[in-house]
Amino acid sequence: MRGMSTRLKIGWVVIVIVVFTYTLFPVASIFATSFKLPGELNLGTFLPVHWTWDNYTQILGPDGSARDLFVPSLRNSIGISLIATAIAVVLATLAAYAIARLDFRGKRLILTTALGVSIFPVISIVTPLFNLWRQIGLYDTWLGLIIPYLSLTLPISIWTLAAFFRQIPWELEQAAQVDGATTWQAFRKAIVPLAAPGVFTTALIAFFIAWNDFVYGISLTSTSRARPVPAALAFFTGASQFEEPTGAISAAAVIVTIPVVILVLLFQRQIVSGLTQGAVKG
Amino acid sequence: MAAITLTDIVKRYPDGFLAVKGVSLDIADGEFVILVGPSGCGKSTLLRMIVGLEDITEGELQIAGKRVNERAPRDRKLAMVFQNYALYPHLTVFENIAFPLRLQKGRFTEQQIQDKVNFAAQTLELQDHLQRKPANLSGGQRQRVAMGRAIVREADAFLFDEPLSNLDAKLRGQMRTEISRMQRRLGTTTVYVTHDQTEAMTLGDRVAVLRKGDLQQVASPRALYEHPVNLFVAGFIGSPPMNFVPGEVSGDVMKLPFAEVPLTDDLRRRLGDRTLVIVGIRPEHFEDHAVIQQQGRTGGVPFKAQVDVTEWLGSDLYAYVPFETRPEVAGKLEELDRDLDGEGLRTQLVVALASDSRVRDGDDAPLWFDPARMLVFDPESGDNLTYDADKARAIDEQNEKDRKASIERAKAREAATSRA
């Protein structure tokens with residue numbers, strides 16, 4: 001901020017405050033709501049009048065009414081998203097490596113196809129998938145969600161990784177080979193440490209895409225066998241038909257946000273350290 | 001330590017492009033050989049074939065008497081310094097230098113690695129930087145780290161791919177002497193690629209000049225300078241470059257654009273029945289006529305010329321003299337200029353005069369040149385008609401003797417310092 005005029009500084013501070021309020025207010029509101037008593041939801045206050053853990057015991061506690069809905073779905077979400085991310089990152093790394101390094105026919109075709117797949121509206125393929133999955137027995141299974149999630153995560157992973165790989169100084173690989181490394185050693189010792197930050201970033205993006213999905217989650221599952229959290233939230237009910245399950249939903253939303261925040265903090269360290277090392281340019 | 005022998009090496013790319021067209025070269029054990037040429041002459045490709053990063057299409061490559069065409073780079077026991085150094089950004093300077101040692105698992109103990117890296121760091125004055133990352137080093141330091149990595153490898157030969165082209169002029173001069181010192185001290189066979197003729201002349205025991213994948217001449221720097229085989233080598237070696245002017249044979253004299261030179265019997269024999277040739281004269285073979293008279297020198301050809309621009313450099317005074325060329329040779333000279341990465345601007349003489357010369361721009365200056373140092377080229381083939389193979393060989397032999405003596409001296413010095 002040095003070298004800026006006072007007016008410019010004030011301007012920036014104002015913009016930052018506006019952006020932070022705009023992005024963080026809904027989160028804060030959900031957080032506050034999750035601690036409200038069911039009967040006090042409509043009082044119109046921002047902060048709860050009486051702070052309570054009721055909503056959390058409802059979804060997590062041993063006798064919670066929404067426990068059987070929420071806990072299995074949390075397990076499903078974590079499992080399915082992690083597996084989909086792992087497969088997507090492994091496949092995308094291999095594909096992006098080939099795209100960045102090799103010259104082969106149909107390279108552009110692969111990239112444009114990947115782009116085409118990723119812009120294809122999810123809602124238009126979910127109905128045919130629903131029918132197909134029921135026929136071949138993938139309906140309401142983990143695999144039945146992992147496969148469509150790959151169609152979302154793979155294209156973006158290939159694109160980001162290919163862009164990242166193109167910037168790696170591949171001369172290092174040759175230098176390592178001359179220094180006495182095998183092809184595999186050269187890749188592992190010279191290239192992987194440089195590629196790791198890009199792979200972390202990609203994994204993060206892929207995980208969020210899978211974690212946030214709602215359309216596939218609600219359409220291709222029917223029981224707690226495979227239903228992920230975003231879909232499960234739609235099935236929450238209040239204690240009676242006159243009560244809105246808003247408090248419980250807010251509590252669940254806070255819970256599913258936690259892993260995302262943790263992941264960001266965890267991986268960001270990796271990404272930042274990777275970026276600050278920087279490639280040595282002549 | 002090893003000799004490297006290239007026999008009819010050819011590189012043809014999959015698209016049919018011939019990058020190297022049958023190069024044969026013998027590099028003796030401990031010799032410092034430069035591959036030089038303008039961009040696109042195939043010098044880097046040749047180096048990459050030696051180190052094993054490019055496949056050899058045809059021909060045979062031997063290192064220490066063994067065919068290595070099919071060997072992977074790591075089995076050739078060579079060390080290479082890349083143009084942008086190729087340092088591993090995630091490793092410290094110490095680990096960068098230790099990298100080749102750590103790859104040979106179990107061969108060295110941690111203590112041995114420490115010793116070797118410290119020795120290399122000492123040689124290159126890098127002791128204070130061992131724990132830093134390459135990103136925090138200056139260009140010259142990075143360059144030295146890359147050289148350190150080559151030293152610890154204890155390779156049969158060092159290969160350099162334009163290692164100084166990313167440094168500024170002052171540092172380049174320093175690193176040049178550093179490389180030269182290191183090579184003499186270690187006595188390791190070295191192949192060095194550059195497009196810079198100054199580096200080629202100052203570093204090399206022998207210099208191989210390449211043009212469009214063809215080897216033009218391999219000789220000691222002095223033989224190249226004084227006895228180039230053709231127009232291309234003559235134009236490439238030397239800075240400022242050699243002047244090329246049309247020469248018309250008429251009776252007993254050769255008419256140059258600015259003067260007439262009497263023909264000697266030897267020259268007449270070499271000219272044969274050619275009536276138009278290209279004459280090459282180096283800038284320093286011209287002089288201010290007034291200076292020549294002061295020194296009391298006789299002989300040579302005095303002439304008057306309109307000086308366009310002068311540049312005073314302290315040690316020399318460069319004067320530029322525009323002249324009209326002949327259409328018959330203009331094409332050939334333009335082609336040469338293109339081959340040498342030139343801009344083909346105007347035809348002018350560059351003459352290097354004594355720095356105390358009073359010649360100034362705009363003068364109709366009295367100049368002088370020594371016709372005995374003049375080279376004559378065939379306008380069609382570009383061959384040097386005045387090439388004297390015996391003299392060139394004699395220079396090369398003397399150069400080889402000097403090289404061996406220099407290595408002996410370096411070894412003796414080394415032994416003396418290690419005893420002390």
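Use the structure listed above.
Summarised in this report is the structure supplied together with it. (Residues numbered from 1 in each chain as written. Chains lettered and ligands numbered in written order. Predicted model: local features only at pLDDT ≥ 70, side-chain atom pairs only at ≥ 80, totals over all residues.)

Moving on to the overall build of chain B. The secondary structure content of chain B amounts to twelve helices and 21 strands. A principal-axis box enclosing the C-alpha atoms of chain B has dimensions of 80 × 45 × 40 Å. When burial is assessed residue by residue, chain B has 41% of its 420 residues classed as buried. In chain B, the share of contacts with a sequence separation of at least 24, taken over all contacts with a separation of at least 6, comes to 72%. (Helix = DSSP H or I, 4+ residues; strand = E, 2+ residues; numbered from the N terminus. Buried ≥ 20, exposed ≤ 12 C-beta atoms within 10 Å, placed from the backbone. Contact = placed C-beta atoms within 7 Å.)

So, on to helix 5 (residues 122–136) of chain A. Residue and element names in this part refer to chain A. Taking 1.5 Å as the rise per residue, helix 5 with 15 residues should run 21 Å; its terminal C-alpha atoms sit 20 Å apart, in good agreement. At P128, helix 5 is deflected by roughly 30°, the largest bend along its length. Where helix 5 terminates, the next one or two residues include G137, which has phi positive at roughly 85°. (Expected span 1.5 Å × (residues − 1). Bend = angle between axes of the 7 residues up to and from the residue.)

Moving on, we get to the sheet that holds strand 2 (residues 18–27) of chain B. All names here are of chain B. Taken in spatial order, the four strands line up as 2-1-4-5 in an open sheet, and their pairing is antiparallel. Two strands close off the open sheet at either side, each with one partner strand: strand 2 and strand 5 (66–67). Here strand 4 (residues 58–63) pairs with strand 5 via two bridges, running antiparallel. Counterpart to I63 in the pairing with strand 5 is K66. The strands that helix 1 (residues 43–51) touches are strand 1 (4–12), strand 2 and strand 4; relative to strand 1, the one it contacts most, it runs at about 120°. (Pairing = 2+ DSSP bridges. Axes fitted to C-alpha atoms, helices over the stretch in contact; angles between N-to-C directions.)

The next thing to look at is the environment of R48 of chain B. Residue and element names in this part refer to chain B. Secondary-structure assignment places R48 in helix 1. The spatial distance from the C-alpha of R48 to the C-alpha of M80 is 9.5 Å, given a sequence separation of 32 residues. Here R48 is in contact with L53 and E54, once residues within four sequence places are set aside.

Taken together, the contact between chain A and chain B spans 20 residues of the former and 27 residues of the latter. Broken down by secondary-structure element, the contributors of at least two residues to the side of chain A that touches chain B are helix 7 (171–178) and helix 8 (183–212) of chain A. It is helix 7 of chain A that contributes the most residues to the side of chain A that touches chain B, six residues altogether.

Looking now at the sheet that holds strand 19 (residues 348–354) of chain B. Residue and element names in this part refer to chain B. Spatially, the three strands line up as an open sheet ordered 17-18-19, and their pairing is antiparallel. Either end of the sheet is taken by a strand with one partner, and the two such strands are strand 17 (309–312) and strand 19. Here the strands of the sheet are splayed against their neighbours by 20° on average, with no regard to which way each runs. Looking at chain direction, strand 18 (residues 316–322) and strand 19 are connected through seven bridges and run antiparallel. Opposite A319, over in strand 19, you have V351 as the bridge partner.

As far as function goes, none of this settles anything; it's purely spatial.
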